[in-house]
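One-letter residues, chain by chain:
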Amino acid sequence: MSTSARHDEDTDLLTRVKKPKLYKVILLNDNYTTMEFVVYILQKYFQKGEHEAKKIMLDVHNNGAGVAGVYPREVAETKSKQVMTHAEHEGFPLACKTEPE
């Protein structure tokens, strides 16, 4: 088999591989979690810069919810659990959910 024919087969296979469905991790507003803690969470678990973290935090504060990030399902669920565990450990009721994009 020629290298060119093998390359074509590899390319065909790659175009047939289905991309995983993506899920949004959504932080939910509450009356107790501080804005500073939400910014910290966004930086620690979602690798957001300070400016972007503050923008998302204001979405949560003003609109009741904000999208922290979009990931494959397993990653989104893991991040959601990490956030809620950390928040609970710090005494905050911060909640988040995952939903399909």
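The following paragraphs examine the structure supplied in this document. Computed from a predicted structure; not experimentally measured.

### Observations concerning the overall build of the protein
Logical step 1: What the protein contains, in helices and strands, is four helices and three strands.
Logical step 2: Put simply, the protein runs from its N terminus to its C terminus through helices and strands in the order α-β-α-α-β-α-β.
Logical step 3: For the protein, the residues scored as buried account for 30% of the 101 residues in total.
Logical step 4: Long-range pairs, those at least 24 residues apart, make up 70% of the contacts in the protein with a sequence separation of at least 6.
Logical step 5: About 6,900 Å² of surface is accessible on the protein, with carbon and sulfur atoms providing 52% of the total.

### Description of the packing of aromatic side chains
Logical step 1: Applying the stated rule across the entire model yields three aromatic pairs.
Logical step 2: A centroid spacing of 6.0 Å and a plane angle of 35° characterise the contact between Phe 37 and Tyr 40, whose relative ring orientation is tilted. Residue Phe 37 and its partner Tyr 40 are both found in helix α2 (residues 35-46); the two are separated by three residues, about one turn of the helix.
Logical step 3: On the basis of relative accessible area, Tyr 40 is assigned to the partly exposed category, the value being 38%.
Logical step 4: One residue, Lys 79, lies across the ring of Phe 46, its end atom 5.5 Å from the ring centre.
Logical step 5: The side chain of Lys 79 reaches across the aromatic face of Tyr 71, ending 5.2 Å from its centre.

### Concerning helix α4 (residues 73-89)
Logical step 1: The end-to-end C-alpha distance of α4, which contains 17 residues, comes to 24 Å, matching closely the 24 Å that a straight helix rising 1.5 Å per residue would cover.
Logical step 2: Check the buried side of α4 and you find it contacts β1 (22-28), α2, β2 (65-72) and β3 (95-100).
Logical step 3: Two residues or fewer past α4, Gly 91 is found with a positive phi of approximately 85°.

### Details of α2
Logical step 1: In this model, α2 (twelve residues) spans 16 Å end to end at C-alpha, consistent with the 16 Å of a helix rising 1.5 Å per residue.
Logical step 2: Listed in full, the buried residues belonging to α2 are Phe 37, Val 38, Val 39, Ile 41, Leu 42, Tyr 45 and Phe 46.
Logical step 3: Looking at the residues trailing α2, positive phi occurs at Gln 47, about 55°.

Rules used throughout
Residues numbered from 1 in each chain as written. Predicted model: local features only at pLDDT ≥ 70, side-chain atom pairs only at ≥ 80, totals over all residues. Heavy atoms only, no water. Helix = DSSP H or I, 4+ residues; strand = E, 2+ residues; numbered from the N terminus. Buried < 20%, exposed > 50% of the residue type's maximum accessible area, 1.4 Å probe, protein only. Contact = heavy atoms within 4.5 Å. Areas by Shrake-Rupley, 256 points an atom, 1.4 Å probe, with all protein chains shown as cover. Phe/Tyr/Trp six-rings, centres within 6.5 Å; stacked < 30°, edge-to-face > 60°. Lys NZ or Arg CZ within 6 Å of the ring centre and 35° of its normal. Expected span 1.5 Å × (residues − 1).

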